[in-house]
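A closer look at the structure
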Amino acid sequence: AKGDGRGAYRFFEATMDVWAQERRALEIDLRSALRNDELKLFFQPLIGAKGHEITGFEALLRWQHPRRGLVGPDDFIECAEQWGLICKIGEWVLHEACRQAAAWPAPLKVAVNLSPNQFAAGDLVDQVRTALRESGLEPSRLELEITEGLLLRDTAGTLDQLRALKDLGVRIAMDDFGTGYSSLAYLWRFPFDKIKIDRTFVAEMSGNPAIADILRTITLLGRTLNLEVTAEGVETAEQASILEDMRCDHFQGYLFGRPMPIADIPGYLLENMAQ
Ligand code: C2E
Ligand code: CA
Ligand code: CA
Ligand code: CA
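Structure report, in brief. The structure presented is a predicted model; accordingly, all values stated were derived computationally and were not measured.

Next up on the list: the coordination of the calcium ion (ligand 2). Protein-derived ligands of the calcium ion (ligand 2) are Glu58 (OE), Asn113 (OD1), Glu145 (OE) and Asp175 (OD), with the metal-ligand distances lying across 2.1 to 2.3 Å. Along the chain, the residues donating to the calcium ion (ligand 2) fall in the pattern E-x54-N-x31-E-x29-D. Metal-to-metal, the separation of the calcium ion (ligand 2) and the calcium ion (ligand 3) is 4.0 Å; Asp175 coordinates the two. Placement of the pair is Glu58 in strand β2 (residues 54-65) and Asp175 in strand β6 (residues 171-177), with a sequence separation of 117 residues. The same class applies to Glu58 as to Asp175, namely buried.

Following this line, the structure appears as structure tokens:
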């Protein structure tokens, strides 16, 4: 048994080694990804719940890795945060998203995800101002998505920055609503325009009356606080119709369109905006 234990430990050590090397390799690659033009934005359509019209797109980051292929954000954003790379990457995302959106027909909006680290860095407001100026995008067409994690950390600094962003004329959305430590106090203390209901609720809604009740309550809360409500992860027509009855304002999900590369957007608009 003793031998087994040592063997297991050696195996563990070796595994940790491989894992550490993997991470190190990823870090080195990620450091050069921006420079090598390997980061791409995909765009997923946002849809009005009543008329099913396109209201904009959310920018979602992808890494076109030379050997690993297309890597999704869940596999590298956290690393980028840990390694202090997210601010540079986030700045690129802001500029690229605004630049793309400026070419779309108004009033289509673009939504951009922000990491809490971008607030900690202190120059976020300047970055947003610069991205708007350089792209010429109307500020009201930019929506910034933040998560509850940011509000938990804080501090007066966050509120000041959110207010400064609002003063630029951009919109603020609370992302993944309901998954974190959602304190209702955040909703009125911070200047939100919209809440996005996490897709785990939408996925569970049909088979689970309690979840449906929660969703109904969230949409009512949104109306009460004068916030728009987006439902994420809408995959079926049945979900869309239930959520429409609950008076959600916007949908996002595979039913209406998957995240697509920039090159596909003109075709998607042509096909789906035709009256
Ligand atoms: P998120 O902001 O909640 O984005 C929505 C995620 O749900 C996207 O995953 C999208 O592809 C996926 N999704 C959309 N519709 C459906 C659906 O109908 N069914 C299912 N099963 N999934 C759906 P993605 O692109 O892998 O992004 C994951 C997360 O990575 C995002 O979650 C966001 O938190 C983060 N992220 C993406 N881009 C950025 C970025 O530029 N900066 C930062 N800081 N985070 C980003
Ligand atoms: Ca988001
Ligand atoms: Ca979300
Ligand atoms: Ca999410």
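Here we take up the state of the cysteines. Counted under the stated rule, the structure contains zero disulfides. No disulfide involves Cys79; its nearest neighbouring cysteine sulfur is the one of Cys87, lying 15 Å away.

This next bit is on the coordination of the calcium ion (ligand 3). Around the calcium ion (ligand 3), the protein supplies Asp175 (OD), Asp176 (OD), Glu232 (OE) and Glu232 (OE) as donor atoms, at distances of 2.2 to 2.6 Å. Site description for the calcium ion (ligand 3): donor spacing in sequence, D-D-x55-E. Accessibility expressed as a relative area gives 7% for Asp175, which makes it buried. The class for Glu232 is buried, based on a relative accessible area of 10%.

The next thing to look at is the pattern of salt bridges. With the rule as written, the count across this model stands at 15 salt bridges. Between Arg31 and Glu27 there is a salt bridge, with its nearest N and O atoms 2.7 Å apart. Residue Arg31 and its partner Glu27 are located together in helix α1 (residues 2-33), separated by four residues, close to a single helical turn. Judged by its relative accessible area of 43%, Arg31 falls in the partly exposed class. What makes Glu27 buried here is its relative accessible area of 13%. Linking Arg99 and Glu96 is a salt bridge whose minimum nitrogen-to-oxygen distance equals 3.1 Å. With Arg99 and Glu96 both in helix α3 (residues 86-101), this residue pair falls three residues apart, about one helical turn.

Moving on, we get to the site of ligand 1. The environment of ligand 1 is formed by 22 residues, the closest being Gln44, Arg62, Asp175, Glu235 and Tyr254. At 2.5 Å from a nitrogen atom of ligand 1 is found a side-chain nitrogen or oxygen belonging to Glu235. Between ligand 1 and the protein, one listed contact pairs an oxygen atom with a backbone N or O atom of Tyr254 at 2.9 Å. About the coverage of ligand 1: the protein hides 84% of its 800 Å² of free accessible area. Within the residue set of the shell around ligand 1, elements represented by two or more residues are β2 and β6. Ranked by the residues each element gives to the shell around ligand 1, the list is headed by β2, at four residues. Its residues placed into classes, the shell around ligand 1 shows nine nonpolar, five polar and eight charged.

Definitions and cut-offs
- Residues numbered from 1 in each chain as written.
- Chains lettered and ligands numbered in written order.
- Predicted model: local features only at pLDDT ≥ 70, side-chain atom pairs only at ≥ 80, totals over all residues.
- Heavy atoms only, no water.
- Donors = N, O, S within 2.8 Å, 3.2 Å for Na, K, Ca; no water.
- Helix = DSSP H or I, 4+ residues; strand = E, 2+ residues; numbered from the N terminus.
- Buried < 20%, exposed > 50% of the residue type's maximum accessible area, 1.4 Å probe, protein only.
- Disulfide = S-S within 2.5 Å.
- Salt bridge = Lys/Arg side-chain N within 4 Å of Asp/Glu carboxyl O.
- Near = heavy atom within 4 Å.
- Polar contact = N/O pair within 3.5 Å; in protein donor to acceptor, adjacent residues only side chain to side chain.
- Areas by Shrake-Rupley, 256 points an atom, 1.4 Å probe, with all protein chains shown as cover.
- Nonpolar A, V, L, I, M, F, W, Y, C, P; charged D, E, K, R; others polar.

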